[in-house]
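# Analysis of the macromolecular model
Listed below, chain by chain, are the residues.
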Amino acid sequence: MHPLAADVAQHGYCVLASVYTAEECSAIRSELDAAFDREQRRGRGGQFGQVFHPLLDSAPAMARFYLKPEIIEVLRHVLQDDVNLAHTGALLQDETREACQWHSHDGRDMHSDVTWSPSRAKSLDHVSRVLCNVYVDGSTDENGPLVVYPRKLADPWAPPSQNQHSEEGWDGKHVVYMPPGSACIFDACMFHSARPPAATAGHVRRYIFGGHYTGWHNRHRHREDNFYQLSSTPLLAEYENRYPHFFLPRPVVEGATEENAPEGDGTRAAAARL
Ligand SMILES: O=C(O)CCC(=O)C(=O)O
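What comes next concerns the included structure.

## Considerations on the overall build of the chain
Within the chain one finds six helices and ten strands. Within the chain, the proportion of its 274 residues that are buried is 39%. At a minimum sequence separation of 6, the contacts of the chain that also span at least 24 residues come to 81%.

Below, the structure written as structure tokens:
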């Protein structure tokens, strides 16, 4: 097994340290700042900072930063399939950001029915959906680190505590420190949070961009899939024309096949889709 895929199976997450160069990070910051200005956004505080969901609505030029071969390669091993990009997003934070509460992205919210179903365990032979967040400015005590509650593939889904707002009761958590330009790939079922920045004044910057990825053959819908948020098909077509290996989820067209779908660098063509 690929060692980073083994990390995901064992702990629910893995880190690709400094997979983006300083030059790339600088270009990414410029694109994100430009989107912030273009849309006249205000503030980089609150629990999540300034959020762009879906990011490619606001910053289509960010598409080119998603096709990082090293990341796609790990995703293929984790998902055991070619890769679908199902959701794109970004967070822009400064020193006014607050603690981010514990949450996961398994499609349900914490207080509804986060319960362990033994029958579900039988079908958990691989991770079905991951987030891959790129920590453009790293994850440090100064800018507020990512904190995760590690989980093995077959671990119970239930969190150790119902307290979303504190680390009390979350024994076994990992504080994930990363240098700038690092990517963290994690199981969408893994609970995670982030501490507030240690610095309360000055120039704290913490930009993240990333997405949700599923295996090509995984057609499970999810509340955060961009398909449900983007109403305009021409917009999706524009991404694909501009970036031929970049595909977003679509409904499967009846009668369509994947036979004529050329294989790319870990993604698959949209032939079987609208
Ligand atoms: O700020 C962070 O590191 C956590 C990001 C997060 O919660 C998310 O992407 O869902």
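Still more to cover.
## Quick look at helix α1 (residues 3-11)
Considered for burial, the residues of α1 that qualify are L4, A5 and V8. Within α1, the buried residues cover an arc of 105 degrees as seen down the axis, which keeps them to one side. On its buried side, α1 packs onto β1 (13-16), α4 (69-79) and β8 (182-187). Following α1 by one or two positions, G12 adopts a phi angle in the positive range, close to 90 degrees.

## Quick notes on the site of the ligand
Around the ligand, the neighbouring residues are L91, C100, L131, N133, L146, H192, A194 and I208. Listed by contribution, the elements that provide at least two residues to the shell around the ligand are β5 (129-135) and β9 (192-194). A per-class count over the shell around the ligand returns six nonpolar, two polar and no charged.

## Some details on the sheet that holds β1
The sheet built from six strands is open, its strands ordered β1-β8-β5-β10-β3-β2 with antiparallel pairing. The two strands at the open ends of the sheet, each matched to only one other strand, are β1 and β2 (50-52). The sheet shows a mean angle of 20 degrees between the axes of neighbouring strands, taken without regard to direction. The strands that α1 touches are β1 and β8; relative to β1, the one it contacts most, it runs at about 145 degrees. Running over the sheet, helix α2 (residues 22-38) touches β2, β3 (83-93) and β10 (206-215) and is turned about 95 degrees from β10.

## A word on the environment of H103
With respect to the helices and strands, H103 occurs in strand β4 (residues 100-103). For the pair H103 and F191, spaced 88 residues apart in the sequence, the C-alpha separation amounts to 5.2 Å.

## Digging into α4
Where α4 is concerned, the buried positions are I71, I72, V74, L75, R76, V78 and L79. Close packing links the buried residues of α4 with α1, β1, β3, β5, β8 and β10. Positioned one or two residues after α4, Q80 has a phi angle of 55 degrees, which is positive.

## Considering the nonpolar core
Judged by nonpolar contacts, the single largest core of 57 residues is most densely connected at L75, V130 and I185. Not counting residues within four places of it along the chain, the set of residues in contact with I185 comprises V8, Y13, C14, V74, L75, V78, V130 and C132.

## Details of the sheet that holds strand β6 (residues 146-148)
Read across the open sheet, the four strands follow the order β4-β9-β6-β7; overall the sheet is antiparallel. The strands lining the two open edges of the sheet, one partner per strand, are β4 and β7 (174-176). Sheet twist, expressed as the mean angle between neighbouring strand axes with direction ignored, is 20 degrees. Direction of pairing for β6 relative to β9: antiparallel, over a ladder of three bridges. The residue bridging V147 from the neighbouring strand is S193, located in β9.

Each value, and the rule that gives it
Residues numbered from 1 in each chain as written. Predicted model: local features only at pLDDT ≥ 70, side-chain atom pairs only at ≥ 80, totals over all residues. Helix = DSSP H or I, 4+ residues; strand = E, 2+ residues; numbered from the N terminus. Buried ≥ 20, exposed ≤ 12 C-beta atoms within 10 Å, placed from the backbone. Contact = placed C-beta atoms within 7 Å. Arc of directions from axis to C-beta. Near = placed C-beta within 6 Å. Nonpolar A, V, L, I, M, F, W, Y, C, P; charged D, E, K, R; others polar. Pairing = 2+ DSSP bridges. Axes fitted to C-alpha atoms, helices over the stretch in contact; angles between N-to-C directions. Core = buried A, V, L, I, M, F, W, Y, C linked by C-beta atoms within 7 Å.

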